[in-house]
Amino acid sequence: MKPASFNYHRPQTVEAAIGLLARYGASAKPIAGGQSLGPMLNMRLARPEHLVDLNDLVELDFLRASGEVLEIGAMTRHIRIATAPEVRRAHPLLAAAAATIGHYPIRQRGTIGGSLVHADPAAQIPLIATLCNAEIIVSGMAGTREVSASEFFQAVMTVDLRHGEMLTAVRFPVLAATTGWGFRLFSRRRGDFAIVAVATTLSLDGDGRFATVDIAVGGVDSVPLRIDLSGAAIKGEIPTESRVSDMAAFVADRINPDDGATIPAEYRRKLAAELARQALHEALERTRGVAS
Amino acid sequence: MISLTVNGQTRETVAEPRRLLCDVLREDFNLTGTHVGCEHGVCGACTVLIDDKPARACLTYAVQMEGHEITTIEAVGEAQLSPLQRALHEEHGLQCGFCTPGIVMTFEAFLRDVPDPTEEEVRDVLSGNLCRCTGYQNIVAAVLKAAATMREARL
Ligand SMILES: Cc1cc2nc3c(=O)[nH]c(=O)nc-3n(C[C@H](O)[C@H](O)[C@H](O)COP(=O)(O)OP(=O)(O)OC[C@H]3O[C@@H](n4cnc5c(N)ncnc54)[C@H](O)[C@@H]3O)c2cc1C
Ligand code: FES
Ligand code: FES
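None of the values given here were measured: they were computed from a predicted structure. (Residues numbered from 1 in each chain as written. Chains lettered and ligands numbered in written order. Predicted model: local features only at pLDDT ≥ 70, side-chain atom pairs only at ≥ 80, totals over all residues. Heavy atoms only, no water.)

## Structural notes on the overall build of chain B
The helix and strand inventory of chain B stands at 5 helices and 5 strands. Helices and strands in chain B line up, N terminus first, as β-β-α-β-β-β-α-α-α-α. Expected size for 155 residues packed as a compact globule is a radius of gyration near 15 Å; at 15 Å, chain B falls within 12% of this value. Taking the principal axes of its C-alpha atoms as reference, chain B extends roughly 45 × 35 × 25 Å. Counting across all 155 residues of chain B, residues that qualify as buried make up 52%. Relative to all contacts within chain B whose residues are 6 or more apart in sequence, the contacts with residues 24 or more apart total 56%. Of the roughly 6800 Å² of accessible surface on chain B, a fraction of 48% belongs to carbon and sulfur atoms. In chain B, the 13 positive side-chain charges and the 22 negative ones have mean positions that sit 3 Å from each other. (Helix = DSSP H or I, 4+ residues; strand = E, 2+ residues; numbered from the N terminus. Rg over C-alpha atoms; globule rule 2.2 N^0.38 Å. Buried < 20%, exposed > 50% of the residue type's maximum accessible area, 1.4 Å probe, protein only. Contact = heavy atoms within 4.5 Å. Areas by Shrake-Rupley, 256 points an atom, 1.4 Å probe, with all protein chains shown as cover. Lys, Arg positive; Asp, Glu negative; His and termini not counted. Charge placed at Lys NZ, Arg CZ, Asp CG, Glu CD.)

Here you go:
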């Protein structure tokens, strides 16, 4: 359980980091919090020749909430996202989800950029980024690109980062105060990666009927899935208990989880339905809290 | 050659970049209070403070720590037991003690952050430390007791 040898680099600027990544290409890996890469190095599942430490890039540790957009620097730690008043105001769903990542010491080190690039299919941050159509900012020698979350996540632990590129920030549309949100995950032990996680945002019209509903599910496919609810004919409906259960069943029908040796597909599907039901209830309660 | 600040002292050693912080603490500096269980971040036995924040020493390479302050269990309760250590003793919050240094480091930091935690919050934080002996109940009781003692001392 000791890593193979690597050369260590500690760039002081984003440009220098990009220069190193461009120079060493596939033989280099950035290290942010090390909370996912560390285990992989120790178990020799990753054997980069060059480790590029991003921890001195303090300019990437920032939160900027301006009107419609909450922009978060790649090196911002989970703990800050979970607790900072600006995130709790601008995106309480993201704050609540970040508060459930791993354990307290893991959240002190782990970063939002690392979570997005690691792209575990059950991870919290990629799920919320997918649900909320976050934009991921990527920089390389050729300049800066913006990639939508739905295109950034390509497969299990595979993202749209090209040779020599790194993630520098992510932009979330601010959640309107009238938006209700819900987040539910299930894991066998607290702090483990979720078996299934569900996040939802919704809004009601003036008559208390559904105006918009979005749901995304993690842990059931190679990337977080945003469920297309257009077939469920929800808009304008009254949010009754049975309507919510129907929506949850609709979500569970739209996923096609793998049949694992320890976790059968059917189990994940039932879990997704139940978590969706709970998340929708949570979100509805929040909209009512705002309305009253 | 790398130079680290550990418990307020500057210490030097020759270490390849791949050496884990926990190994350098134990093997090069003889600070064997930092225990090593799983080497992949799960068990919490190796938890130390980096710039006063709890972190896994097994997911940190010693070379990364130049310019940062590391605090290990050896710096806690040097003269007399800290309130948290005393509470763990009184509440029987340990048996073999393998998990204890990691638990102490985690909660010394957490109780500074959250001086008046609920039992639920304590259990949430404790989820990051595996203990094979105690069944956790007495650790929870000890942390809550230590929090109360520390709050009173501050009044
Ligand atoms: C015990 C334990 C429990 C955990 N539980 C959870 C959980 O429940 N949910 C969850 O989501 N996560 C969990 N994690 C993982 C944790 O969230 C990590 O913090 C996160 O996945 C990776 O962030 P990091 O900053 O540590 O990245 P690192 O581990 O440093 O890097 C991860 C990957 O991203 C790359 N990378 C990092 N930053 C950049 C960047 N800016 N640009 C380009 N590439 C980059 C690295 O090269 C590497 O491939 C857990 C970890 C542990 C040890
Ligand atoms: S040895 Fe570091 S967490 Fe287990
Ligand atoms: S006291 Fe033995 S592992 Fe916790």
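There's plenty left to go through after this.
## Focus: unusual backbone geometry
Despite not being glycine, Met157(A) shows a phi value in the positive range, around 50°. On the secondary structure map, Met157(A) appears in the loop between β8 (153–155) and β9 (158–159). For Met157(A), a relative accessible area of 39% translates into the label partly exposed. Even without glycine at this site, Tyr136(B) takes up a positive phi of about 75°. Inspection of the secondary structure puts Tyr136(B) in the loop between α4 (119–126) and α5 (137–154).

## Remarks on helix α10 (residues 241–253) of chain A
Over its 13 residues, α10(A) extends 19 Å from the first C-alpha to the last, a length consistent with the 18 Å expected when each residue adds 1.5 Å. Regarding α10(A), the residues found buried are Val244(A), Met247(A), Ala248(A), Phe250(A), Val251(A) and Ala252(A). (Expected span 1.5 Å × (residues − 1).)

## Comments concerning the interface of chain A and chain B
Every contact between the two is made by 28 residues of chain A and, on the other side, 32 residues of chain B. For chain A, the biggest contributors to the area lost against chain B are Tyr104(A), Pro105(A) and Arg190(A); these three give 25% of the whole. Across the salt bridge formed by Arg107(A) and Asp124(B), the nearest N and O atoms sit 3.5 Å from each other. At the junction of chain A with chain B, the criterion picks out 16 residue pairs in polar contact (both at pLDDT 80 or more). When residues of the side of chain A that touches chain B are traced back to their parent elements, those giving at least two are α2 (37–42), β3 (50–53) and α6 (104–109) of chain A. Sorting elements by how many residues they give to the side of chain A that touches chain B places α6(A) first, with 6 residues. The class makeup of the residues in the side of chain A that touches chain B is 13 nonpolar, 8 polar and 7 charged. (Buried area = accessible area lost by both parts, 1.4 Å probe. Salt bridge = Lys/Arg side-chain N within 4 Å of Asp/Glu carboxyl O. Polar contact = N/O pair within 3.5 Å; in protein donor to acceptor, adjacent residues only side chain to side chain. Nonpolar A, V, L, I, M, F, W, Y, C, P; charged D, E, K, R; others polar.)

## Quick word on the confidence of the model for chain B
Summary statistics for chain B give a mean pLDDT of 97 and a share of 100% for residues scoring 70 or more. What the predictor reports for the complex is a pTM of 0.97 with an ipTM of 0.97. (pLDDT = per-residue confidence, 0-100.)

## Considerations on the environment of Asp52(B)
With respect to the helices and strands, Asp52(B) occurs in the loop between β3 (47–50) and β4 (53–56). Here the alpha-carbon distance between Asp52(B) and Cys133(B), two residues 81 residues apart in the chain, equals 28 Å.

## Remarks on the site of ligand 1
Close to ligand 1 lie 33 residues, the nearest being Pro30(A), Ser36(A), Leu37(A), Thr111(A) and Gln124(A). More than one chain reaches ligand 1: the nearby residues come from chains A and B. One of the side-chain nitrogen or oxygen atoms of Lys29(A) is found 3.3 Å away from an oxygen atom of ligand 1. Elements with a minimum of two residues in the shell around ligand 1: β2 (28–31), α7 (112–118) and β10 (166–173) of chain A. Counting residues per element, the shell around ligand 1 draws most heavily on α7(A), which supplies 4 residues. The residue makeup of the shell around ligand 1, split by class, is 16 nonpolar, 15 polar and 2 charged. (Near = heavy atom within 4 Å.)

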